[in-house]
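Given next are the chains, with one letter for each unit.
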Amino acid sequence: MCGVFGYIGNKTNIAPLVLEGLKSLEYRGYDSWGVAVVALNLQPEIKNKIYFKKRIGKIGGANVDSLPAGSLAIGHTRWATHGGVTRENAHPHLDCTESIALIHNGIVENYIDLKKELLAGNHVFKSETDTEVIVHLLEENSRKLSFEEAFLKTFNQLEGLNAIVAIDKKERVILAARKGSPLVIGFGKNEHFIASDPSALLPFTKDVYFLEDDQMAIIKDDSVKIININSAKEVKFLKQMLDWDVSSAEIGEFEHFMIKEIYDQPAVIHDIANNAIVGSDNILSLINEAEDIYLVGCGTASYACLVGKALFSKIAKKQVHAAIGSEFEDQLKFINKKSLIIALSQSGETIDLLEPVRKAQQKGAKILAFVNVLGSSLFRMADEKILIGAGLEKAVASTKAFIGKISHLLLLAYALDKRKSQGQRLLLEAVESIRIILQEKNLKNIKKLAHKISNEKDIFVIGRGLYFPASLEAALKIKEISYIHAEGVAAGELKHGPLALVEKDTPCIVLLPDDETTALTLANAMEMKARGGYIIGISSINHGVFDFYLPIANIGEASVLPMVVVSQLLAYYLTLEKKLDPDKPRNLAKSVTVR
Ligand code: F6R
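Remember, predicted model here, so these are calculated numbers, not experimental data.

What counts and what doesn't
Residues numbered from 1 in each chain as written. Predicted model: local features only at pLDDT ≥ 70, side-chain atom pairs only at ≥ 80, totals over all residues. Heavy atoms only, no water. Helix = DSSP H or I, 4+ residues; strand = E, 2+ residues; numbered from the N terminus. Rg over C-alpha atoms; globule rule 2.2 N^0.38 Å. Contact = heavy atoms within 4.5 Å. Areas by Shrake-Rupley, 256 points an atom, 1.4 Å probe, with all protein chains shown as cover. Lys, Arg positive; Asp, Glu negative; His and termini not counted. Charge placed at Lys NZ, Arg CZ, Asp CG, Glu CD. Phe/Tyr/Trp six-rings, centres within 6.5 Å; stacked < 30°, edge-to-face > 60°. Buried < 20%, exposed > 50% of the residue type's maximum accessible area, 1.4 Å probe, protein only. Pairing = 2+ DSSP bridges. 1 Å grid on protein atoms, 1.4 Å probe; cavity = no way out; pocket = protein on both sides within 12 Å on 5 of 7 lines; lining within 4 Å. Points joined across faces, edges and corners; volume = space filled by probe spheres on them. Nonpolar A, V, L, I, M, F, W, Y, C, P; charged D, E, K, R; others polar. Domains from an automatic or database assignment. Near = heavy atom within 4 Å. Polar contact = N/O pair within 3.5 Å; in protein donor to acceptor, adjacent residues only side chain to side chain. Axes fitted to C-alpha atoms, helices over the stretch in contact; angles between N-to-C directions. Expected span 1.5 Å × (residues − 1). Patch = residues over 30% accessible without salt bridge, like charges linked within 9 Å, V, L, I, M, F, W, Y side chains within 5 Å. Salt bridge = Lys/Arg side-chain N within 4 Å of Asp/Glu carboxyl O. Core = buried A, V, L, I, M, F, W, Y, C linked by side-chain atoms within 4.5 Å.

Trainee: Could you give an account of the overall build of the protein, with specific residues and numbers?
Mentor: In terms of helices and strands, the protein carries 15 helices and 25 strands. Relative to a compact globule of 595 residues, whose C-alpha radius of gyration would be 25 Å, the protein shows 25 Å and is just as compact. With respect to the principal axes defined by its C-alpha atoms, the protein has extents near 80 × 50 × 45 Å. Counted over contacts in the protein with a minimum sequence separation of 6, partners at least 24 positions apart contribute 71%. Carbon and sulfur atoms form 50% of the exposed surface of the protein, whose accessible area is close to 22500 Å². Mean positive and mean negative side-chain charge positions of the protein (70 and 72 charges, respectively) differ by 0 Å.

Below is the structure:
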């Protein structure tokens, strides 16, 4: 969602650098952007003043050449919540005297009350946003307090989950505070950065500090001070080193991040097979000692939870619950000290997951997190954490983080059944199968199919058991980037409703494993064929019912991995057929930090 980038230091023309920082956050999804810079005193004709530029739409080829030189600046990409997509509503927002500029992620729940008071005090508002309330409140508080004190007071007056960053033309400092929404500080030589996402810092530094909830940062050219916002006392902090490769933030030879990330997958699985710590004694005892276990995630991660549930049942004969983060509140009444929550998240910042997990932790449950972003909120909150190890994922539609999550879960299920090496072997076979899928002749086949069905209005995907959540994931990938309505259906449920929609030439994708469910799933494929459906098989079995066949290897439960990869590629090529941008689907954001 919204992206934050700020700079203070010894560089002197930093508006373009801040714009570059914002560009690296584009993948999070946004609809407008803005940069504010404090002009350098060295330019007498410009005066010590805040200059800003705000625009709606994507940054594209835009520049900030109209902004003066400066060495203190902030920028923001906005994903509209309060107020439409307009230039006025874009951040940064300025106070009445244009001496303070502020950017914000989150939602100020009490903004209506605060706005009423500020309007009564003659503050003039230019936008419809909740953010502008904060900057006027900061202006108000600054009348009697120092900038730092006023900032702290202002932040404490806000209700809801928020992150704010502000600069003042009279002060050589960036102030930032967070509760809920993430912020990370980057440390350079005589310079500091602040961003909503560590990936934006990668080109500049790997030396970072992830601000904790209820912390405020006072960031100067050569120092960073962290304050607890409740006690106003300084707290000690430890920096961390980002473990991502700078090249993972670059697109390289690929046309889109999504296809690059699909290609990254064999290496991700290979690494998990060889290096993952999921089978460690403390993880296994955490699981074995728990009385009830809940796998929780949102969107694609929630489908990984369902895959995990099926794998635990099938391989380790262990019963676990799977839940969607935004629906988990209702289950909290069953959570106690003996519960274990296994939380899955690429970003580690998904608010619909963080909130219920935090509440479960307060009830005494242990938290085991599978998370891709080191230092993220979930990473820090969890009692035990496993880094997914997918590397930076930039395309909005998650691919390699999903594959990483289910590879870990498969290995964990085998480790629980004391057969970890068998799990490793299957993962390595999946690596080979996916490498074959990514060969040109197979891609040609998938592109041919995409060309044939790209004008259809509905696509159905069926699967049974372990392959039902895979069907949900396949349908999600197709619909979110190609905008073709796609539905994942438990194969056995077809006759209970969805079959009514299958007519002549309706594309019906069948995820057909070679296992105890094959015969029943084939019978369901026949039912769709009998209604005129165009049957597409993703399977190791080239069955006569298929009108179009996409082969994968038969590798036991790990077959789910290549099946998903084939469906990711189909979604990608369908999107290209429709001349859409697979990396930035409309209305969606990479990291969902508001509820
Ligand atoms: C879909 C997709 C989303 C995310 C969901 C959770 O392709 O990417 O459904 O999976 O928003 O995100 P994380 O895993 O960051 O918690």
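Now that the structure has been shown, we can carry on.
Trainee: How would you summarise the packing of aromatic side chains if you had to cite specific residues and measurements?
Mentor: Within the structure shown, the criterion is met by ten aromatic pairs. Judged by centre distance (5.3 Å) and plane angle (70 degrees), the rings of Y7 and F193 are edge-to-face. Of the two residues, Y7 sits in strand β1 (residues 3-9) while F193 sits in strand β10 (residues 191-195), which places them 186 residues apart along the sequence. Accessibility expressed as a relative area gives 0% for Y7, which makes it buried. Residues F193 and F204 carry aromatic rings whose centres are separated by 4.8 Å and whose planes lie at 20 degrees to one another, so their mutual orientation is stacked. Remark: F204 occurs in the loop between β10 and β11 (207-210) and F193 occurs in strand β10; sequence separation between them is eleven residues.

Trainee: With reference to specific residues and values, describe the pairing of strand β18 (residues 339-345).
Mentor: Counting buried positions along β18 yields seven of seven residues, so the element is predominantly enclosed. The side-chain alternation of β18 yields two buried faces, one formed by S339, I341, A343 and S345 and the other by L340, I342 and L344. Summarising the sheet, strand β16 (residues 292-297) and β18 pair through five bridges and their orientation is parallel. For I293, the partnering residue across the bridge sits in β18 and is L340.

Trainee: Lay out empty space enclosed by the protein in plain terms, naming residues and giving numbers.
Mentor: Regions of empty space are outlined by a rolling probe, equal in size to a water molecule, passed over the atoms. This model, assessed by the stated rule, comprises three cavities of 30 Å³ or more. Approximately 160 Å³ is the volume found for the largest cavity. Considering the residues around the largest cavity, the lining is formed by 18 residues, among which Y27, R28, D197, S347 and V373 are closest to the centre. The residue inventory of the lining of the largest cavity, partitioned by class, reads eight nonpolar, five polar and five charged. Shared between two domains, the lining of the largest cavity takes at least three residues from each, and those domains are domain 1 (3-242) and domain 2 (250-438). There is about 110 Å³ of room inside the second largest cavity. Residue lining of the second largest cavity: 14 residues in total, with C2, W79, T81, H104 and G106 positioned closest to the centre. Per-class residue counts for the lining of the second largest cavity are four nonpolar, eight polar and two charged.

Trainee: Can you tell me about the domain arrangement of the protein, naming the residues and giving the values?
Mentor: Here the protein is described as being made up of domain 1 (3-242), domain 2 (250-438) and domain 3 (439-582). The centre of domain 1, based on its C-alpha atoms, is set 45 Å off from the matching centre of domain 3.

Trainee: Explain the site of the ligand to me, using residue names and the numbers behind them.
Mentor: Taken together, 15 residues surround the ligand, and among them S345, Q346, S347, T350 and E480 come closest. Within the backbone of Q346, a nitrogen or oxygen atom sits 2.7 Å from an oxygen atom of the ligand. Between K405 and the ligand, the recorded distance is 3.3 Å, taken from a side-chain N or O atom to an oxygen atom. In isolation the ligand has 400 Å² of accessible area, and contact with the protein removes 90% of it.

Trainee: Outline the sheet that holds strand β8 (residues 174-179), supporting the account with residue identities and numerical values.
Mentor: One open sheet accounts for seven strands, arranged β5-β6-β7-β8-β12-β13-β14; its pairing is antiparallel. The open sheet is flanked by β5 (93-94) and β14 (234-235), the only strands paired with a single partner. Where strand β12 (residues 215-219) and strand β13 (residues 224-228) come together, five bridges link them in antiparallel fashion. Bridging across to β13, I219 finds its partner in V224. On top of the sheet, helix α4 (residues 147-157) reaches β6 (100-106), β7 (162-168), β8 and β12; it is set at about 20 degrees to β8, its chief contact.

Trainee: Explain helix α3 (residues 131-142) to me, using residue names and the numbers behind them.
Mentor: It helps to recall that an α-helix has 3.6 residues per turn; residues three or four apart then point in one direction. Over its twelve residues, α3 extends 17 Å from the first C-alpha to the last, a length consistent with the 16 Å expected when each residue adds 1.5 Å. Counting buried positions over the twelve residues of α3 gives ten, a clear majority of the element. Listing the buried residues of α3 in full gives T131, E132, V133, I134, V135, H136, L137, L138, E139 and N141. Along its buried surface, α3 packs onto β5, β6, α2 (111-120), α4 and β7.

Trainee: An account of the environment of W244 is requested, with residue identities and associated values reported.
Mentor: Residue placement: W244 occurs in the loop between β15 (240-241) and α5 (257-275). When its relative accessible area of 7% is taken as the criterion, W244 is described as buried. Put simply, W244 and L374 are 130 residues apart on the chain and 9.2 Å apart in space, counted from C-alpha to C-alpha. Every residue in contact with W244, bar those within four places of it in the chain, is listed here: P198, S199, L202, K206, N372, V373, G391 and L392.

Trainee: Which residues make up a negative patch on the surface, and what values go with them?
Mentor: Among the surface-exposed residues, E109, D113, E117 and E159 lie close enough to one another that they form a single negatively charged patch. With respect to the secondary-structure elements, E109 resides in the loop between β6 and α2.

Trainee: Go over the nonpolar core, please, and point to the residues and values.
Mentor: Ranked by size, the top nonpolar core spans 96 residues in total, and within it I342, L368, F370, L412, I509, L561 and L569 carry the most contacts. Looking at this core element by element, the count peaks at twelve residues for helix α15 (residues 560-577). Inspection of this core shows a minimum of three residues originating in each of domain 2 (250-438) and domain 3 (439-582). Counting 31 residues, the second largest nonpolar core, distinct from the first, contains I14, Y27, V64 and A195.

Trainee: Got a sec to walk through the layout of surface pockets? Specific residues and values, please.
Mentor: Its volume calculated, the largest pocket comes out at about 540 Å³. As for the largest pocket, its lining consists of 26 residues, of which C298, G299, A589, K590 and V592 are closest to the centre. If you list the elements that add at least two residues to the lining of the largest pocket, you get α7 (300-316), β18 and α13 (467-482). Broken down by element, the residue count for the lining of the largest pocket peaks at three residues, all from α13. In terms of residue class, the lining of the largest pocket is built from twelve nonpolar, nine polar and five charged. Three or more residues apiece are contributed to the lining of the largest pocket by two domains, here domain 2 (250-438) and domain 3 (439-582). Its volume calculated, the second largest pocket comes out at about 310 Å³. Contributing to the lining of the second largest pocket are 19 residues, with K23, S24, A249, F257 and K394 lying nearest its centre. Here the lining of the second largest pocket gets three residues from one element, more than from any other, and that element is helix α1 (residues 15-23). Viewed by domain, the lining of the second largest pocket spans two of them, domain 1 (3-242) and domain 2 (250-438), each represented by three or more residues.

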